[in-house]
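Per-entry structural report
Now for the letters of each chain:
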Amino acid sequence: MFRCVHVGAAHAAHMTPITILLVEISQQTREFIRNHRTDDVRDLALHAKRTPDLDLPWALDQIAGWQTARSKLPRWADTDGIIYPPHLSMEQCSSEPTARYKAELAARLMASDGAPAQSDATAHAQSEQSDEPTVPTTTTDTAAPAPRRGRLIDLTGGFGVDFSTMARDFAQAVYVERQPDLCDIARHNLDLLGLGDAQVVNADAASFLATAEDADIIVIDPARRDEHGGRTFAIADCTPDILGMLDLLTAKAGHVLVKLSPMLDWHKAVEDCRGTVREVHIVAVANECKELLLVLRGRPDTVPVEDVTVTVHCVNITARGTERFTVVADATGVHSVGTARHSDGAATGTTNIESANDGEALAGSADGAATGVTAGGTVAEDSSTTDADGDPVSHADDGLPFRYLYEPNAAIMKAGCFDALSSAYELPQLATNSHLFVSDAPVEGFPGRAFRVTAVMTMGKKDLKRGLSGLTHANIATRNFPMSVSQLRGRLKLQDGGDAYLFATTDRDDRRIIIRATRL
């Protein structure tokens, strides 16, 4: 049995601030971890009784790591004997949902090798439609599992979450990490997770790659912190130097999967990678952007950089299922080639609709009139939400300019593909910079949140009094509005929470309005 010892500068001045070693675990330390696994770590650090046989700093790392894994990595948390690294590595590692997404992506890329070209965007998007991994149908419990094939190299193994999830589908899997302590932890944990045959290599990514055998897929997740520990986001500021390794990466592997910060501008990332990007995946979990993934492949010399087609996948993994929306950017504009899916498998929207936005790649709004779409995806008669000039119209029965409001999920907000979304669902935007969509009839499968509108009001006192009547609590959001949420909440004298939602925004006539709605 092994343990990790947390050694600070006070313990050994000649060492780095945190050093991890593998040594024998004392019985007292194991019992302390087991007895205090759910306790507050800060409280333990202050009040735990120190004894010679208890390595408290390391025990606290293990308790804190397990508490993080309980929600972020439940499979790991349920595995006895897993060793957890210090906080930074736990903070930077993938969650299980995003790791599974990358494993499914890698499996799809492997399956696509030898298939028709990447430029067949429609067929490519359709392969992404399923929310669940394919499960082979068998007639007997003794059927042999599908054979593993191919070679995977993870050049920045870290804690090993992505590697351990992806490696199960490959005949050969190589974990590379420049920190020897993480390599020791990986060897120990991978064996517990049933991946004892994986190769663990302590090496620098660039040095290893220079002499490595070719792989089917190479994964690289560069460190996004500078020499002072500060966060960095630009590709050029990350370590290892992906841009300097581009030619070698794409020469050594059929596909290269690059994980980047969700804060990074994906347009700039595509530009920096000089025509090698074939796919962009913006992955959100519970409507919070977690990862920006790039799929790279060598660029044929006959294809100019500006003519390379990039497929952008907007993915939001939720408890109800996975929302997906896919667009393709090429020289002719932006095309919607995929639709959202929920856990019930329903998909709506129109495929292969072009949004002619030359020079506006994935940024802008739909200015034309749009028709309402019913739950079945058909156009409802006389249900237009806009007049001939594209302005919202009122309904005689309720006086509302529109009855339903839609807010795109975080992945789409990050992608900025609002024109393609508007075209695919035949929904007009409320205004150019609002990033809110409206309709008269309900639309199923919209990749985001849907609301039933109960009132639309201006900022006038009388109008606010009418629209907010009976309201004491509300969930408030602002879009293209001159006040922050806290400022508006103070102005309206409303507490947070409840079933009501307020969207403060600016309409197409440049009027400040507040939309009151309830969640569908």
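The structure reproduced in this document is the subject of the present report.

The rules behind each value
Residues numbered from 1 in each chain as written. Predicted model: local features only at pLDDT ≥ 70, side-chain atom pairs only at ≥ 80, totals over all residues. Heavy atoms only, no water. Helix = DSSP H or I, 4+ residues; strand = E, 2+ residues; numbered from the N terminus. Buried < 20%, exposed > 50% of the residue type's maximum accessible area, 1.4 Å probe, protein only. Contact = heavy atoms within 4.5 Å. Pairing = 2+ DSSP bridges. Right-handed = clockwise from strand over helix to strand, strands pointing away. Axes fitted to C-alpha atoms, helices over the stretch in contact; angles between N-to-C directions. Left-handed = near helix turned anticlockwise from the far one by under 90°. Nonpolar A, V, L, I, M, F, W, Y, C, P; charged D, E, K, R; others polar. Disulfide = S-S within 2.5 Å. Salt bridge = Lys/Arg side-chain N within 4 Å of Asp/Glu carboxyl O. Expected span 1.5 Å × (residues − 1). Phe/Tyr/Trp six-rings, centres within 6.5 Å; stacked < 30°, edge-to-face > 60°.

1. Here we look at the overall build of the chain
Counting its secondary structure elements, the chain contains 16 helices and 19 strands. Considering the chain as a whole, with its 520 residues, one finds that 51% of them fall into the buried category. Put simply, of all contacts in the chain between residues at least 6 apart along the chain, 62% involve residues at least 24 apart.

2. Details of the pairing of strand β3 (residues 151-154)
Covered by surrounding structure in β3 are Arg 151 and Ile 153 together with Leu 152 and Asp 154, the residues of both alternating faces. With four bridges connecting them, β3 and strand β4 (residues 172-177) associate as parallel partners. Residue Ile 153 lies in a different strand from β4, and its bridge partner there is Val 174. Handedness of the crossover joining β3 and β4 through helix α8 (residues 161-167): right-handed. Sheet topology note: the β3/strand β6 (residues 215-220) ladder contains three bridges and is parallel. Counterpart to Asp 154 in the pairing with β6 is Val 219.

3. Quick notes on the packing of helix α1 (residues 27-35) against helix α3 (residues 56-72)
Packing of α1 against α3 leaves a shortest axis separation of 10 Å and a crossing angle of 35 degrees. As α1 runs across α3, the sense of the crossing is right-handed. Along its contact with α1, which presents Thr 29, Phe 32 and Ile 33, the element α3 presents Leu 56, Trp 58, Ala 59, Gln 62 and Ile 63. Taken together, the residues of the contact of α1 with α3 sort by class into six nonpolar, two polar and no charged.

4. Here we look at the pairing of strand β11 (residues 321-330)
In terms of residue burial, β11 counts as a mostly covered element, since nine of its 10 residues are buried. With antiparallel pairing between neighbouring strands as the criterion, strand β10 (residues 310-318) and β11 make up a hairpin whose turn holds two residues. Here β11 hands over to strand β12 (residues 333-336) after two residues, the two strands then running antiparallel side by side.

5. Points about the state of the cysteines
Tallying each qualifying case throughout the model produces zero disulfides. With no disulfide of its own, Cys 314 lies 4.0 Å from the sulfur of Cys 417, the closest cysteine sulfur.

6. A closer look at the pattern of salt bridges
Per the counting criterion, the structure on display carries 19 salt bridges. Across the pair Lys 102 and Asp 162 runs a salt bridge, and its minimum N-O distance is 3.2 Å. Within this pair, whereas Lys 102 is found in helix α6 (residues 96-112), its partner Asp 162 is found in helix α8, the two being separated by 60 residues in sequence. Take Lys 102 and Asp 162: they sit in the same class, and that class is buried. The residue Asp 272 makes a salt bridge to Lys 268 at a minimum N-O spacing of 2.8 Å. Of this pair, Asp 272 and Lys 268 both sit in helix α12 (residues 266-272), four residues apart, which is roughly one turn of the helix.

7. Side note on the sheet that holds strand β17 (residues 473-479)
Spatially, β15-β14-β16-β19-β18-β17 is the arrangement adopted by the six strands of the open sheet, whose pairing is mixed. Each edge of the open sheet is held by one strand with a lone partner, namely β15 (437-439) and β17. Here the strands of the sheet are splayed against their neighbours by 40 degrees on average, with no regard to which way each runs. By the bridge criterion, seven bridges tie strand β18 (residues 495-506) to strand β19 (residues 512-519) in an arrangement that is antiparallel. Paired with Thr 506 across the strands is Arg 512, a residue of β19. Here helix α16 (residues 485-492) sits on the sheet in contact with β17, β18 and β19, set at roughly 135 degrees to β17.

8. Some points on helix α9 (residues 180-192)
Note on helix geometry: an α-helix contains 3.6 residues per turn, so any two residues three or four positions apart are oriented the same way. The terminal C-alpha atoms of α9 lie 19 Å apart, and with 13 residues this matches the ideal 18 Å at 1.5 Å per residue to within 8%. Positive backbone phi, approximately 80 degrees, marks Gly 194, located one or two places after α9.

9. Looking at the packing of aromatic side chains
All told, the structure shown has nine aromatic pairs when counted by the stated rule. A connected cluster of aromatic rings, assembled from ring pairs, spans Phe 325, Tyr 406, Tyr 425, Phe 437 and Phe 446.

10. What about unusual backbone geometry?
A cis amide bond links Thr 239 to the next residue, Pro 240, at an omega of 5 degrees. Among the secondary structure elements, Pro 240 is positioned in the loop between β6 and α11 (242-252). One non-glycine residue, Ala 286, lies in the positive phi region at around 50 degrees. Taking relative accessible area as the criterion, Ala 286 reaches 58% and is therefore assigned exposed. Here Asn 287, not a glycine, exhibits a phi torsion of approximately 65 degrees, which is positive. Note that Asn 287 resides in the loop between β8 (277-285) and β9 (288-296).

These values are about where atoms sit, not about what they do.
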